[in-house]
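# Structural description and commentary
So you can see what is in the structure, the chains are spelled out below.
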Amino acid sequence: MKHIYDNQNGDQNHHKSSEERFTERFREVVQNYEPVFEPADWSAMQSKLAAHNEKDRKAVVFRRLAVFATMGAAAVILLFGGYQFLDNSSNTISTQNSNQGIAFQENSIRNQNSINTNSTDDKTNTQNNLAENLAKNTNQNTQNKKDTQNFTKTKSYSESKIEESNNNQKNNSLITNTENSNFSITSSNNQLASNSTFNSNKQEQLTGSLLNENSNINSNINSNIEEAKSNKMLSVLKLEKQKFDLFADVKPKEITLPKLEIDETIIASTNQNEELIRKNPVASAIGKWRIGAALMAMTNIYKSNGKQRMNYTNGYGVMADYQIAKRFNLSAGAVYTQKRIDIEEPLSIPTIANGFNPNTNDDAWVKKNKTQINWQLLDLPIHLRYNAIQTDRNKWFVSAGTSNYFFLKEHYESDYTVSTQDIYDPRLTRTQEVVRQRETQSALQLFATINVSAGLETSLGKHLTLQVEPYWRFPVRSLGSEGVFVQTGGLLTRINFAL
Amino acid sequence: MKAIELTDIELRLIEGCRKKHAKSQEMLYKHFYGYAMSISLRYCKSKDEASEVLNDSFMKVFTKVHQYDTKKSFRGWLRRIIINTAIDFYRKNEKHTHHLDVEYADREEDSTGDVIDQMSADEIYALVQSLPNVYRITFNLYEIEGYSHEEIGEQMGIPAGTSRSNLSRAKQKLRLLIKEHFGKKYEAYIR
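Okay, so let's go over this structure. (Residues numbered from 1 in each chain as written. Chains lettered and ligands numbered in written order. Predicted model: local features only at pLDDT ≥ 70, side-chain atom pairs only at ≥ 80, totals over all residues. Heavy atoms only, no water.)

### Description of helix H3 (residues 47-64) of chain B
For H3 of chain B, spanning 18 residues, the distance from its first C-alpha to its last is 25 Å, which sits close to the expected 26 Å at 1.5 Å a residue. Listed as buried for H3 of chain B are Glu49, Ala50, Ser51, Val53, Leu54, Asn55, Ser57, Phe58, Met59, Val61 and Phe62 of chain B. (Helix = DSSP H or I, 4+ residues; strand = E, 2+ residues; numbered from the N terminus. Expected span 1.5 Å × (residues − 1). Buried < 20%, exposed > 50% of the residue type's maximum accessible area, 1.4 Å probe, protein only.)

### Concerning the nonpolar core
One recurring pattern in soluble globular proteins is that nonpolar side chains are buried together. Counting residues in hydrophobic clusters, the biggest one holds 63 residues, and the most contacted among them are Phe22 and Phe26 of chain A together with Leu28, Phe62, Phe74 and Leu141 of chain B. Counting residues in each nonpolar core, the second largest holds 13 residues, with Tyr302, Ile341, Tyr412 and Val484 of chain A among its members. (Core = buried A, V, L, I, M, F, W, Y, C linked by side-chain atoms within 4.5 Å.)

### Here's the deal with the side chain of Thr402 of chain A
Residues and elements named next belong to chain A. Residue position: Thr402 is located in strand E6 (residues 394-421). A relative accessible area of 15% means that Thr402 is categorised as buried. Looking at Thr402, its side chain comes within polar contact range of the main-chain oxygen of Thr449, at 2.8 Å. In this view, Thr402 contacts Leu380, Pro381, Ile382, His383, Phe447, Ala448, Thr449 and Asn451; residues no more than four positions away in its chain are not counted. (Polar contact = N/O pair within 3.5 Å; in protein donor to acceptor, adjacent residues only side chain to side chain. Contact = heavy atoms within 4.5 Å.)

### Some points on the interface of chain A and chain B
Taken together, the contact between chain A and chain B spans 40 residues of the former and 53 residues of the latter. One can count 4 salt bridges joining chain A with chain B. Where Lys47 of chain B meets Asp41 of chain A, a salt bridge forms, and the shortest distance between an N and an O atom there is 3.2 Å. Run the count over chain A and chain B and you get 10 residue pairs in polar contact (both at pLDDT 80 or more). If you tally residues by element for the side of chain A that touches chain B, the top one is helix H1 (residues 18-32) of chain A, at 11 residues. Broken down by class, the residue content of the side of chain A that touches chain B amounts to 15 nonpolar, 9 polar and 16 charged. (Salt bridge = Lys/Arg side-chain N within 4 Å of Asp/Glu carboxyl O. Nonpolar A, V, L, I, M, F, W, Y, C, P; charged D, E, K, R; others polar.)

### Regarding the environment of Arg12 of chain B
All names here are of chain B. Mapping Arg12 onto the fold places it in helix H1 (residues 8-18). Using a relative accessible area of 52% as the deciding quantity, one classes Arg12 as exposed. Through-space distance from the C-alpha of Arg12 to that of Ser24 is 8.1 Å; in sequence the pair is 12 residues apart.

### What about the environment of Met296 of chain A?
Residue and element names in this part refer to chain A. Following the sequence through the fold, Met296 ends up in strand E1 (residues 289-304). We classify Met296 as buried; its relative accessible area is 2%. In the structure, Met296 is positioned 18 residues away from Asn314 in sequence and 5.5 Å away in space, judged by C-alpha atoms. Once residues within four sequence positions are removed from consideration, Met296 is found in contact with Thr313, Asn314, Gly315, Val335, Asp379, Tyr471, Arg473, Leu491 and Leu492.

Shown next as structure tokens:
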């Protein structure tokens, strides 16, 4: 810039070359030259802008999708994480229960084993008894054999009977041994012994009387056999009864044992619960307060010129919960947010144009092209929350309520196209672009929306909880002084402090 | 150069452009069209190219308006954008610079001074536009914007010596063009 007007003075003008003089003239022209506006250039610019906006819009849509996807992924991760927490908690409980069951079964098995051992002992005892009895029987048989030998020496005809008797007795003893019937064997042996004594003492009696006696003996032996058989049945029954009695003794023990354990668990868990309620901020306790900082990422959805539009915004504020019942919370708060809404209104409205231009006559059309709305408001929600699933660390809940909107500031900027006829020459129509702005302050709209949400609250420590809550707000009424129906959906994240 | 302060309406238009307000963009475009087009025409060889450069420049203005510091001259900022866009435009379209043959005109005292004084703005612009691209840009940057050859070389990606050479050739070409123009005028005058 230092050189532009160097060495320039009037005296030297005559010695300047043509290009130098041209340069000076060019500088003069540049200072004042301004071409007139050409609408074609603006049309080209509009096309350029439209293409750029379209590209921008796609980028915004992509960004929104990315945000939605991220939010969705976060929600899925949270839900999955919560489910895992929940699943692990229930697994722990079931594992504890199954361990108790296993312990119970082990006890039962031990008892059963002891029962079996007892019964085995009983069997051993029985077998021992049987062995002793068998030995006695053997001795008795030997005695019987000796008696029989003596008897053979004196009466040969009775020998065969005695042998028969011995055989029967042997058979009896075999049966008895097999059937473990001591009683029958003893009785038969006694009988045989008596028979043998009887035979030896009556050696000199008549053959007929002996035959009768022998027949009596036979009948006695037969009756003894029958008796032995019935005794065998009796012993089997006794054994079964013994077994049954043993189980009957064991069963009440099996029932009472876990009962005692459960009672202890209940007592322990009651104490633990009191401790948990005291320590765990998620645990439900009637009268409990939770105060939290809330951050809301939201999408506003509204209609403009028949088309659905949406934009993003954030909100932040404070919320508080009060536990009114075991599963119910009452929640309220105040969240500050800004909503920006662009409404296109392409309809022309015949209006007196004097308001826009005092130099026009009454025959004017005012076209309201677009209104840009900017609200600054406090969202004052009141919700009732139902804690559907509660674990020691997590709560899954659904919530419903309403929002009251306190408008801190309403700003409206509208673009109008005013078409007017020239006041002197009605054949001429002039158009004028007018931008109008207006603001309103402090308005309260009660029950503006119906709110529904669902979410998860999880414990972060002794006093802190994290609450993630996707929500939707349906408009009950049109909002603001322009009357716009705005739906809002998004994700509420809260950090709560349990008092 | 003293920065021209923005008027209230210009500030509002810029604020509107920052909010991507279409009407503000349109009004800003129309408001600065003449100023911007006069710059663009100096750097371009035709009206069509000037319009293209102008629109590209305004697109940059609309997309980068949030970077503009309202304490500084908006016109200066806009001019800088237009010049850069024009340089980029020709740099993009001309992959390499041709050494142009310039028919040397005699450096002599001539009697074209009165004719030059009587030339209209459009005629003067037409003469400048008829210069080859590199010469025209160098001539404008040096003679009108007041940049040094070092600065021009930096902007155009050429050595300062080349810039000097380009300016010299631009002036020689202009002398020739003026002579041609004077000849036509003179012929028209004597008839």
